[in-house]
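# Per-entry structural report
Residues per chain are reported as follows:
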Amino acid sequence: MNIDELFRKELQNSESEISQNLWQRTQTEMDASLSHSPKGKFPSENVFSKVTSLWHSASLLTKVVSVAIVSSFIVAGTYLALSDADNADSKLQNTVSVSDVAELKDAELPKEPLMADTVFSDRKNGIKENESNLDFDISDEGTHLPLLSDNYLKDGLEEIKNEEISSQIEIMQPQMKTENVPGEAHTPSEERMADDIQIPNYISPNEDGINDCFLIKNIEKYPDNVLIIKNRQGKRVYEKRSYTGEFCGENCPMGTYFYVLNIRQGKKTKQIVGSLEIIR
Amino acid sequence: MELQEIISLCQKGDRTAQKKLFDLYAKRMMFVCQRYFISLQEAEDCFIEGFMKMFDALSSYTYINEKSFYVWFRTIMINHCINRLKKQSKENEYLKPRDVETGETNINSEQISVQSVFSSEELLRCIRSLPVNLRTVFNMFAIDGFSYREIAVRTEFSEAVIKTYIYRARKILKETLEQILKERNEKN
């Protein structure tokens, strides 16, 4: 008899014992997945359609009262109320009938009924934005002005001084280079920090004394650092807190690796990423 | 209760019907998982996930007969096992073809004659003694009836590698079976 057949016949429909709590676990997993399923999510669209249909079916009094309540919140906040010019006629009717109701009920629903047919618009998107907020906008811009003074110039001078060093940064950060150079002026503190660090992009661990280990120049000045080295599959092959040059490619076959070096100095942090070639 | 009835109740989300379906198929499905995974923990995780997949897919299932439902369910379970192994292979170093010489593809030479009867536990033990690559490929090919091409697509091995794996698996299995026979003879 063929081995395949033997196994197929015996094992295709065989049974094995299952542990007692397995159904329990399946059940809890199923419950957990149910609560995360789309059906269980908050039905935001449904809520809106429900609210609108309720609104259409609601009596005038409820409309007025609810709008009065809502508008009292909104008007107090950052919204402007604009009257809807197209429905001027219906507005007139509404206000009249509302005042009737108000008389009957002896309730004090005074000026708010005017809001019954108004459209609320966000101040930012509203038509009247430019008129009402003109001077406010200017004052807003003004708050940025102090930032352009002394510090800004100082940073600019330093930038010229450190021109040589910035070229080193480019070597260290092959992936971030294109993104960060234009925005350099905005994040001067991060660029300036730990810029004397030099990281090689290859090592050759063959015990000939040259480039045997992953030595990072000046890393000993920044003891608060974390180095992570990953292989091309994203698997961590090395991790060290306060790294000082111990990694010599142990258990790593030849190939390309990627490193992430996080340095912290005071409150500033800096991340340097790059690739590392191991050649044997 | 008829299976059709149970399934239609399950489609409505009836918990007791789901329990019945579970009881009917749990042992057979667990065996599938144990063929693919050695550790009980992994097998059970895979088993639970497979059941949840099945309950999800059940809403679009139309009942034909009991046999077809079993095959359908088993296919889901097997696919889930393979996908899970595949996922692991990305995280770890499983299922990566290593040191494979594709020369030895003399497949039909392993037509051995086995007179004695083996129990399913013994055979399961044999399969579980195989290394992970051989076990997966042999499981797919010999027991679950995948073709070389299908296995190649699913595992991303080349067909030549798969043929070699199956040949090696047969060789190891033959040796293990012979050893079991020897042990039996010694006992007697």
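Bear in mind the structure is a predicted one, so any value in this text is a computation, not a measurement. (Residues numbered from 1 in each chain as written. Chains lettered and ligands numbered in written order. Predicted model: local features only at pLDDT ≥ 70, side-chain atom pairs only at ≥ 80, totals over all residues. Heavy atoms only, no water.)

### Comments concerning the interface of chain A and chain B
Accessible area lost upon the coming together of the parts is a frequently used measure of interface size. Every contact between the two is made by 27 residues of chain A and, on the other side, 43 residues of chain B. Summed over both sides, the interface of chain A with chain B buries roughly 3,500 Å², with 61% coming from carbon and sulfur. The shortest N-O distance in the salt bridge between Asp 45 of chain B and Arg 25 of chain A comes to 3.0 Å. Mapped onto the side of chain A that touches chain B, the elements with two or more residues apiece are α1 (3-11) and α2 (22-36) of chain A. In terms of residue count, the dominant contributor to the side of chain A that touches chain B is α2 of chain A (9 residues). (Contact = heavy atoms within 4.5 Å. Buried area = accessible area lost by both parts, 1.4 Å probe. Salt bridge = Lys/Arg side-chain N within 4 Å of Asp/Glu carboxyl O. Helix = DSSP H or I, 4+ residues; strand = E, 2+ residues; numbered from the N terminus.)

### Topic: the pattern of salt bridges
Scanning the model with the defined rule gives 14 salt bridges over all chains in all. Close ionic contact of Glu 239 of chain A with Arg 236 of chain A constitutes a salt bridge, the shortest N to O distance being 3.2 Å. Note on Arg 236 of chain A: relative accessible area 45%, which makes it partly exposed. Of the charged contacts, one joins Lys 240 of chain A and Glu 246 of chain A as a salt bridge, the two residues approaching to 3.2 Å between their closest N and O atoms. Three or more residues are tied together by salt bridges with common partners; here these are Arg 25 of chain A together with Glu 44, Asp 45, Glu 49 and Arg 84 of chain B. (Buried < 20%, exposed > 50% of the residue type's maximum accessible area, 1.4 Å probe, protein only.)

### Brief notes about the nonpolar core
Among the nonpolar cores identified, the biggest contains 69 residues, and Phe 7 of chain A together with Leu 21, Phe 47 and Phe 69 of chain B are the most heavily contacted of them. The element contributing the most residues to this core is helix α2 (residues 15-36) of chain B, with 11 residues. Shared between two domains, this core takes at least three residues from each, and those domains are domain 1 (3-91) and domain 2 (107-187) of chain B. Contacts of Phe 7 of chain A, omitting those with residues within four sequence positions, involve Gln 12 of chain A together with Leu 123, Cys 126, Ile 127, Phe 138, Ile 143, Leu 173 and Leu 177 of chain B. Formed by 22 residues, the second largest nonpolar core is a distinct cluster that contains Ile 203, Ile 219, Phe 247 and Leu 276 of chain A. (Core = buried A, V, L, I, M, F, W, Y, C linked by side-chain atoms within 4.5 Å. Domains from an automatic or database assignment.)

### Looking at the side chain of Asn 133 of chain B
Residue and element names in this part refer to chain B. With respect to the helices, strands and loops of the structure, Asn 133 is situated in helix α6 (residues 132-143). Taking relative accessible area as the criterion, Asn 133 reaches 8% and is therefore assigned buried. At 3.1 Å, the side chain of Asn 133 forms a polar contact with the side chain of Tyr 165. (Polar contact = N/O pair within 3.5 Å; in protein donor to acceptor, adjacent residues only side chain to side chain.)

### Regarding the confidence of the model for chain A
All names here are of chain A. Within chain A, residue pLDDT values average 64, and 49% of them lie at 70 or more. pLDDT under 50 marks residues 38-43. Its contacts with residues more than four places away, or in other chains, come to 2 contacts. In this model residues 164-188 is a low-confidence stretch, pLDDT under 50, and it forms 28 contacts with partners more than four residues away in sequence or in other chains. (pLDDT = per-residue confidence, 0-100.)

### Remarks on the state of the cysteines
A covalent bond between the sulfur atoms of two cysteines is referred to as a disulfide. Residues and elements named next belong to chain B. For the structure on display, the rule yields 1 disulfide over all chains. Cys 81 provides the cysteine sulfur closest to Cys 33, a residue in no disulfide bond, and the two sulfurs are 4.1 Å apart. Look at Cys 33 and you get buried, because its relative accessible area is 0%. The thiol of Cys 46 is unpaired, and the distance to the nearest cysteine sulfur, on Cys 81, comes to 3.5 Å. (Disulfide = S-S within 2.5 Å.)

### Description of the packing of aromatic side chains
Across all of its chains, the model carries 20 aromatic pairs over all chains by this definition. Taken together, a centroid distance of 5.8 Å and an interplanar angle of 70° make the contact between Tyr 25 of chain B and Phe 73 of chain B edge-to-face. Taken together, the positions of Tyr 25 of chain B in helix α2 and Phe 73 of chain B in helix α4 (residues 66-91) put the pair 48 residues apart, joining distant regions of the chain. Taking the relative accessible area as the measure of exposure, Tyr 25 of chain B reaches 2% and is therefore buried. Under the relative-accessibility criterion, Phe 73 of chain B is labelled buried at 0%. Judged by centre distance (4.9 Å) and plane angle (55°), the rings of Phe 47 of chain B and Phe 51 of chain B are tilted. Taken together, the residues Phe 47 of chain B and Phe 51 of chain B, both in helix α3 (residues 40-57) and 4 residues apart, mark about one turn of the helix. Phe 47 of chain B sits in the buried class, given a relative accessible area of 0%. By the ring-pair criterion, three or more aromatic residues cluster together here, those being Trp 23 of chain A together with Phe 22, Tyr 25, Phe 47, Phe 51, Phe 55, Tyr 61, Phe 69, Tyr 70, Trp 72 and Phe 73 of chain B. The cationic tip of Arg 84 of chain B hangs over the ring face of Phe 37 of chain B; the distance from NZ or CZ to the ring centre is 6.0 Å. (Phe/Tyr/Trp six-rings, centres within 6.5 Å; stacked < 30°, edge-to-face > 60°. Lys NZ or Arg CZ within 6 Å of the ring centre and 35° of its normal.)

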